[in-house]
Amino acid sequence: MAKLEVSHVTKYFDGIKIIEDVSICLGDNELVCLLGVSGVGKTTLFNVISGLTLPEEGKVTLNGADITGSPGSIAYMLQKDLLLPFRTIEDNVSLPLVIKGDKKRDARETVQPYFHEFGLDGTQKKYPHQLSGGMRQRAALLRTYLYSKGAALLDEPFSALDTLTKGSIHKWYLNVMEQIRLSTIFITHDIDEAILLSDRIYLLTGSPGRITEEIVIREKKPRREDFNLTPEFLEYKRYILSKLEMDE
Amino acid sequence: MKRKSRSITSKLPSLAAIGILLIIWQAASVAELVPSYMLPSPGDVVKAFIDDFPLLLENCRITLLEAFAGLFLGVAIGFLMAVAMDCFERLYQALYPIVVVTQTVPTVALAPLLVLWFGYEMTPKVILIVIVTFFPVTVGLLDGFRSADKDMMNLMRSMGATRGQIFRYVKVPGAAGQFFASLRISATYSVVGAVIAEWLGGFGGLGVYMTKVRKAFAFDKMFAVIFLISALSLLLMWGINVLQKKCMPWEEKK
């Protein structure tokens, strides 16, 4: 059974149908990518999945339980790191635990071991503005992981980073994902990023947005260093590009 | 250490300018360009300050007491109003214009009325200070609360945070900078407000002292008390800066 299931979701915004009859699923420990051009309704879909907004039709289930319209079950991470500038990194990261009712000191203790795992050693007492963009995204991902209950939505988490930082953070990300079990749906408009990171890719196209294609990336994980230079990679890319163009 | 020496160097020009102004003033008095009963020399002012020190101190105590009471109440009311107006949009629409109108009423015109209503004791002074100090705090905090990042609040909601938690962890610390900026303004208003209120009737305080020395044409004492009032305001601002650094450690590391 799928961990997370989104079935037949339709959502209007200001009377306009943004997404129509969207059904996607996410298996345990799977990394699924939602690929589409800007404005196709990817973020709207995420708002529905996370429970921040109610869809007109359809429902969302997590581990079999209906969570439609009830936030707090699925972690959500955005392109902006959204770390609170007035909290140290450890306090930012432990915020979800504090919100759940943990004592500040206990929460701090709980998060300590993860700093090493996420490559954030030594940043505990620093403030977000003292860290680079890449490090801030790592901290944001750690925070996301800590309140995820096993499933997370990432909305273009790395798109604000420059190409070089992006490359190294992709490597880091795949590494971390090997260690922690986190089923993830990932939004991006970067085709390379989608092929590089995901197990499966959904193409969301059109207006209103519909799922028009599902592509399985058969390359095993951990991925080869030069996967993005192989013919297989290019083949996937060519296929996706042709599908996206067909839609236009 | 390095920081400290830099802060001294950055203050040097303004200290020099003040020194030069004082020298010109003293020279003008010695040369009798202005008759000394109209403009006493800095030396005379210092002498008047020392001579009247016990009296100034006693009046200072009363004024500060009023200023602090008024400022404390004003800030408390400002905070509560900002919180209430942030929580309820209707309340914001209903009250915001009234809050602004209270600021267009000239303080000096209001003071005599307050004296008529509440007598010559402390009450009318404190009320006047509350009226002038709550406004900057309300507006500053409200701005701070309302400028909280919408995505941040969505993220908090997706974490399952309650409105109270969002308020406590995002809005309040986010508005701290604006709060302290407003508090500095309110603090200076509180001292000036107390003095103005005392002009119009009272039994003690720097304003009452001012009225008395003005009637006696004791210009040297007049200047002494004017400088004392600015010194008090400066001291209060400095205290608020210290408090701000304590409350906002994240700003320190920038």
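Rules used throughout
Residues numbered from 1 in each chain as written. Chains lettered and ligands numbered in written order. Predicted model: local features only at pLDDT ≥ 70, side-chain atom pairs only at ≥ 80, totals over all residues. Heavy atoms only, no water. UniProt positions renumbered as here; feature names shortened; annotations may be inferred. Helix = DSSP H or I, 4+ residues; strand = E, 2+ residues; numbered from the N terminus. Phe/Tyr/Trp six-rings, centres within 6.5 Å; stacked < 30°, edge-to-face > 60°. Buried < 20%, exposed > 50% of the residue type's maximum accessible area, 1.4 Å probe, protein only. Contact = heavy atoms within 4.5 Å. Core = buried A, V, L, I, M, F, W, Y, C linked by side-chain atoms within 4.5 Å. Domains from an automatic or database assignment. Buried area = accessible area lost by both parts, 1.4 Å probe. Salt bridge = Lys/Arg side-chain N within 4 Å of Asp/Glu carboxyl O. Polar contact = N/O pair within 3.5 Å; in protein donor to acceptor, adjacent residues only side chain to side chain. Pairing = 2+ DSSP bridges. Axes fitted to C-alpha atoms, helices over the stretch in contact; angles between N-to-C directions. Expected span 1.5 Å × (residues − 1). Nonpolar A, V, L, I, M, F, W, Y, C, P; charged D, E, K, R; others polar.

> Give a detailed account of the UniProt feature "transmembrane region" (unreviewed entry) in chain B, specifying residues and quantitative values.
Residues and elements named next belong to chain B. As annotated in UniProt, the feature "transmembrane region" (unreviewed entry) corresponds to residues 62-83, 95-120, 126-145, 191-210 and 222-240 in the numbering used here. Taken end to end, residues 95-120 has its terminal C-alpha atoms 31 Å apart, with 85% of it in helix and 0% in strand. Here residues 126-145 is 100% helix and 0% strand, with 27 Å between the C-alpha atoms at its ends.

> Report on the packing of aromatic side chains, specifying residues and quantitative values.
Under the counting rule described, the total for this entry stands at 17 aromatic pairs over all chains. Note on F227(A) and F233(A): the rings are 5.4 Å apart at their centroids and 90° apart in plane angle, and the pair reads as edge-to-face. An angle of 45° between the planes, with centres 6.1 Å apart, marks the rings of W25(B) and F227(B) as tilted. Here W25(B), found in helix α1 (residues 2-30), pairs with F227(B), found in helix α11 (residues 219-247); they are 202 residues apart in sequence, far enough to count as distant. A relative accessible area of 15% means that W25(B) is categorised as buried.

> Give a description of the environment of M122(B) that names residues and reports values.
Residues and elements named next belong to chain B. Along the chain, the position of M122 falls in helix α6 (residues 122-146). Classification of M122 by relative accessible area gives partly exposed; the value is 29%. Remark: the alpha-carbon pair of M122 and I24, spanning 98 residues in sequence, is separated by 41 Å. Leave out the neighbours within four places in its chain, and M122 touches L65 and E66.

> Hey, could you go over unusual backbone geometry for me, with residue numbers and the actual values?
Omega for the bond connecting S207(A) with P208(A) falls within 30 degrees of zero, at 0°, which places this linkage in the cis form. The residue P208(A) is located in the loop between β9 (200-205) and β10 (210-216) in this model. Notably, D14(A) is not glycine yet its phi reads approximately 55°, a positive angle. In this fold, D14(A) is placed in the loop between β1 (4-13) and β2 (16-26). In this structure, E32(B) is a non-glycine residue whose phi angle is positive, near 55°. Within the fold, E32(B) resides in the loop between α1 and α2 (42-51).

> Which residues make up the nonpolar core, and what values go with them?
I49(A), Y173(A), I201(A) and M156(B) are the most contacted members of the largest nonpolar core, which has 132 residues in total. The dominant element in this core, judged by the number of residues it contributes, is helix α3 (residues 53-87) of chain B, at nine residues. Aside from chain neighbours lying at most four places away, what touches M156(B) is L95(A), I99(A), A161(B), Q165(B), I166(B), Y169(B) and V170(B). Counting residues in hydrophobic clusters, the runner-up holds five residues, among them L110(B), A111(B), L128(B) and A197(B).

> Tell me about the domain arrangement of chain B, and name the residues and values.
Residues and elements named next belong to chain B. Once the domains are mapped, chain B shows domain 1 (1-33) and domain 2 (37-252). Computed from C-alpha coordinates alone, the two centres of domain 1 and domain 2 are separated by 29 Å. Counting residues at the interface gives four residues for domain 1 and eight residues for domain 2. Both sides together, the interface formed by domain 1 and domain 2 hides about 520 Å², and carbon and sulfur atoms give 66% of it. Counting every contact that joins domain 1 to domain 2 gives zero salt bridges. Here domain 1 and domain 2 share two residue pairs in polar contact (both at pLDDT 80 or more) between them.

> Explain the sheet that holds β2(A) residue by residue, including any values.
All names here are of chain A. On the basis of which strands lie adjacent, the open sheet formed by four strands has the order β2-β1-β4-β5 and antiparallel pairing. The strands lining the two open edges of the sheet, one partner per strand, are β2 and β5 (65-66). Summarising the sheet, β1 and strand β4 (residues 57-62) pair through five bridges and their orientation is antiparallel. Paired with V6 across the two strands is V60, which belongs to β4. Helix α1 (residues 42-49) rests against β1, β2 and β4 of the sheet, and its axis sits at about 120° to β1.

> Which residues make up the side chain of N59(B), and what values do they have?
As for its position among the elements, N59(B) is in helix α3. Those residues in contact with N59(B), other than ones at most four positions away along the chain, are G204(B), G205(B), L206(B) and Y209(B).

> Can you lay out the UniProt feature "domain: ABC transporter" (unreviewed entry) in chain A for me, pointing to particular residues and giving the numbers?
Those places that UniProt annotates as "domain: ABC transporter" (unreviewed entry) correspond, in this numbering, to residues 4-231 of chain A. What you have in residues 4-231 of chain A is 32% helix and 27% strand, and the ends, taken at the C-alpha atoms, are 32 Å apart.

> Outline the pairing of β10(A), listing residues and values.
Residues and elements named next belong to chain A. Bridging between β9 and β10 involves six bridges; their strand directions are antiparallel. Pairing of L203 across the sheet is with E213, part of β10. Count of turn residues in the β9/β10 antiparallel hairpin: four residues, of which G206 carries a positive phi of about 90°.

> Lay out the side chain of D52(B) in plain terms, naming residues and giving numbers.
Looking at the element boundaries, D52(B) is found in the loop between α2 and α3. Sequence-distant contacts of D52(B), that is, excluding residues within four places in its chain, are made with Y209(B) and K221(B).

> With reference to specific residues and values, describe helix α5 (residues 107-118) of chain B.
End to end, α5(B) covers 16 Å across 12 residues, agreeing with the expected 16 Å (1.5 Å per residue, within 8%). Just beyond α5(B), the residue with positive phi is G119(B), at close to 85°.

> Could you give an account of the domain arrangement of chain A, with specific residues and numbers?
Residues and elements named next belong to chain A. In terms of domains, chain A is made up of domain 1 (1-74 + 151-248) and domain 2 (79-147). Inter-centroid distance (C-alpha atoms) of domain 1 to domain 2 is 24 Å. Tallying the contact residues gives 19 residues for domain 1 and 12 residues for domain 2. Of the roughly 1300 Å² buried at the junction of domain 1 and domain 2 (both faces included), carbon and sulfur atoms supply 66%. At the surface where domain 1 touches domain 2, the tally comes to zero salt bridges. Between the two partners, domain 1 and domain 2, sit four residue pairs in polar contact (both at pLDDT 80 or more). When residues of the side of domain 1 that touches domain 2 are traced back to their parent elements, those giving at least two are β7 (151-155) and α6 (163-179). Ranked by residue count, the leading element in the side of domain 1 that touches domain 2 is α6, at seven residues. Broken down by class, the residue content of the side of domain 1 that touches domain 2 amounts to 13 nonpolar, three polar and three charged.

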